[in-house]
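Below are the chains, spelled out letter by letter.
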Amino acid sequence: MSSTEHLSIERHGATLVLTLNRPEAKNAFSIPMLVGLHDAWLEADADDDIRSVVLTGAGGDFCAGMDLKALASGGLAGGGFAEDDPYRARLKADPDLHWKAMLRHYRPRKPVVAAVEGVCVAGGTEILQATDIRVAGESASFGLFEVRRGLFPVGGSTVRLQRQIPRTHALEMLLTGRRYTAAEARDIGLVGSLVPDGGALKRALELAEAVNEAAPLAVEAVKRSVYETAALSEEDGLARELEIGWPIFATEDAKEGPRAFAERRPAVYRRR
């Protein structure tokens, strides 16, 4: 998997690192970036050697969301508007592509760890909500500014945010459009942990490696169960949990884990 325009792609062992790479615009979304993200999510899920994904931004920022200057002039910046532009062709072929790229209409089966530095606002805060584990630098900032611009956070925030943090905090963020410090984001549960500035990617890679060391079938089943049961009653959720989780005990990996523990050696999981 190679890097594309406005998106850098690297492998760190079993972790795929996706870096939003448009630092001159604080990594605001562009059409090439969205096409690259869409393809990267699909390829990561299709490659069994990839066990986790880290999403971060270049140049000291995570993502400023939609490019408002480009929006005011009629579209997203960064290509995609010439009739013969391949990015334009991709969007025309799949009108849902940008929502999949932003993880509004696509949920990766591999765990996604966000490494946030600097600005993480508007669409940046929206795609953040689709990640599973979140680390931020101490000076990072967050916010959903859409109502202050006469817009609507259609990346999923009116649905997801209230399910991830207390509703009163979700509504304050959505209705005031104010900026939040990293400490505030941690206190309300939007991010899990803070690290010194410049250390988010290192910590995210450490967390991803911890995920990689676990049994991949079990990891993916746990993630699936968490999301599929989130909106269910406790009774229905527990029933669905058994449907997802019980087959894991019949896998070879489920035998390898206890055997490796008893033999005091690292487990070797083979995804079967």
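Here we summarise the structure given alongside this text.

About the thresholds
Residues numbered from 1 in each chain as written. Predicted model: local features only at pLDDT ≥ 70, side-chain atom pairs only at ≥ 80, totals over all residues. Heavy atoms only, no water. Helix = DSSP H or I, 4+ residues; strand = E, 2+ residues; numbered from the N terminus. Rg over C-alpha atoms; globule rule 2.2 N^0.38 Å. Buried < 20%, exposed > 50% of the residue type's maximum accessible area, 1.4 Å probe, protein only. Contact = heavy atoms within 4.5 Å. Core = buried A, V, L, I, M, F, W, Y, C linked by side-chain atoms within 4.5 Å. Phe/Tyr/Trp six-rings, centres within 6.5 Å; stacked < 30°, edge-to-face > 60°. Lys NZ or Arg CZ within 6 Å of the ring centre and 35° of its normal. Pairing = 2+ DSSP bridges. Axes fitted to C-alpha atoms, helices over the stretch in contact; angles between N-to-C directions. Salt bridge = Lys/Arg side-chain N within 4 Å of Asp/Glu carboxyl O. Expected span 1.5 Å × (residues − 1). Parallel < 35°, antiparallel > 145°, perpendicular 65-115°, else oblique. Left-handed = near helix turned anticlockwise from the far one by under 90°. Nonpolar A, V, L, I, M, F, W, Y, C, P; charged D, E, K, R; others polar.

What the protein contains, in helices and strands, is 12 helices and nine strands. Taken over C-alpha atoms, the radius of gyration comes to 19 Å for the protein, in line with the 19 Å a tight globule of 272 residues would show. Judged by the C-alpha coordinates and their principal axes, the protein covers about 65 × 45 × 40 Å. Within the protein, the proportion of its 272 residues that are buried is 47%. Taking as baseline every contact in the protein between residues at least 6 positions apart, the subset at least 24 positions apart corresponds to 67%.

Counting 43 residues, the largest nonpolar core has L18, L37, L55, V116 and F142 as its most contacted members. Among the elements that take part in this core, helix α1 (residues 31-46) stands out by supplying six residues, more than any other. Non-local contacts of L37, meaning those with residues more than four positions away in its chain, are made with L7, L18, L20, F29, L55, A101 and I127. The next biggest cluster of nonpolar side chains, apart from the first, holds 10 residues, and it includes V17, V54, A115 and A208.

So, about the packing of aromatic side chains. What the rule picks out here adds up to one aromatic pair. With a centroid separation of 5.1 Å and an interplanar angle of 40°, the aromatic rings of W246 and F249 are classed as tilted. Overall, W246 belongs to the exposed group, its relative accessible area being 59%. Given a relative accessible area of 58%, F249 falls into the exposed group. For the cation-ring pair, R104 lies above W99, with the distance from its terminal atom to the ring centre recorded as 5.1 Å. Note that R178 overlies the ring of Y180, its terminal NZ or CZ placed 3.8 Å from the centroid.

Even without being glycine, H6 reaches a positive phi, approximately 70°. Despite not being glycine, A122 has its phi angle at roughly 50°, a positive value. Tracing the backbone shows A122 in the loop between β5 (119-121) and α5 (123-128).

Note on sheets: strands pair through backbone hydrogen bonds, and any given pair is parallel or antiparallel. Here six strands make up an open sheet; going across it, the order is β1-β2-β3-β4-β6-β9 and the pairing mixed. In the strand order of this sheet, the two ends are held by β1 (7-12) and β9 (193-195), each with one partner. Mean inter-strand twist for the sheet, computed between neighbouring axes without regard to direction, equals 20°. Two strands pair when backbone bridges link them, and strand β6 (residues 133-137) and β9 are joined in this way by three bridges, in the parallel orientation.

With that settled, the discussion passes to the pattern of salt bridges. In total, this model carries 23 salt bridges according to the counting rule given. If you follow the salt bridges from partner to partner, you end up with D48, R109, E220 and R271 in one network.

To continue, consider helix α10 (residues 216-229). Counted at 1.5 Å a residue, the expected span for α10 with its 14 residues is 20 Å, and the 20 Å between its end C-alpha atoms agrees. Restricting attention to buried positions, one finds in α10 the residues P216, V219, E220, A221, K223, S225 and T229. Next to the buried residues of α10 lie β4 (112-116), α9 (200-213), α11 (234-245) and α12 (252-262).

Packing of α1 against helix α3 (residues 86-93) brings their axes to within 10 Å, and their N-to-C directions diverge by 60°. Taken together, α1 and α3 sit at an angle that is classed as oblique. When you trace α1 past α3, the crossing you get is left-handed. The residues of α3 that touch α1, namely those facing I31, P32, V35, H38 and D39, are Y87, R90 and L91. For the contact of α1 with α3, a count of residues per class yields five nonpolar, one polar and two charged.

Glancing now at the pairing of β1. Where β1 and strand β2 (residues 15-20) come together, six bridges link them in antiparallel fashion. Bridge pairing in β2 links L7 to L20. Hairpin geometry of β1 and β2 is characterised by an intervening segment of two residues between the two adjacent antiparallel strands and by a positive phi of about 65° at G13.

Take it as geometry only, folks, not as evidence of what the structure does.
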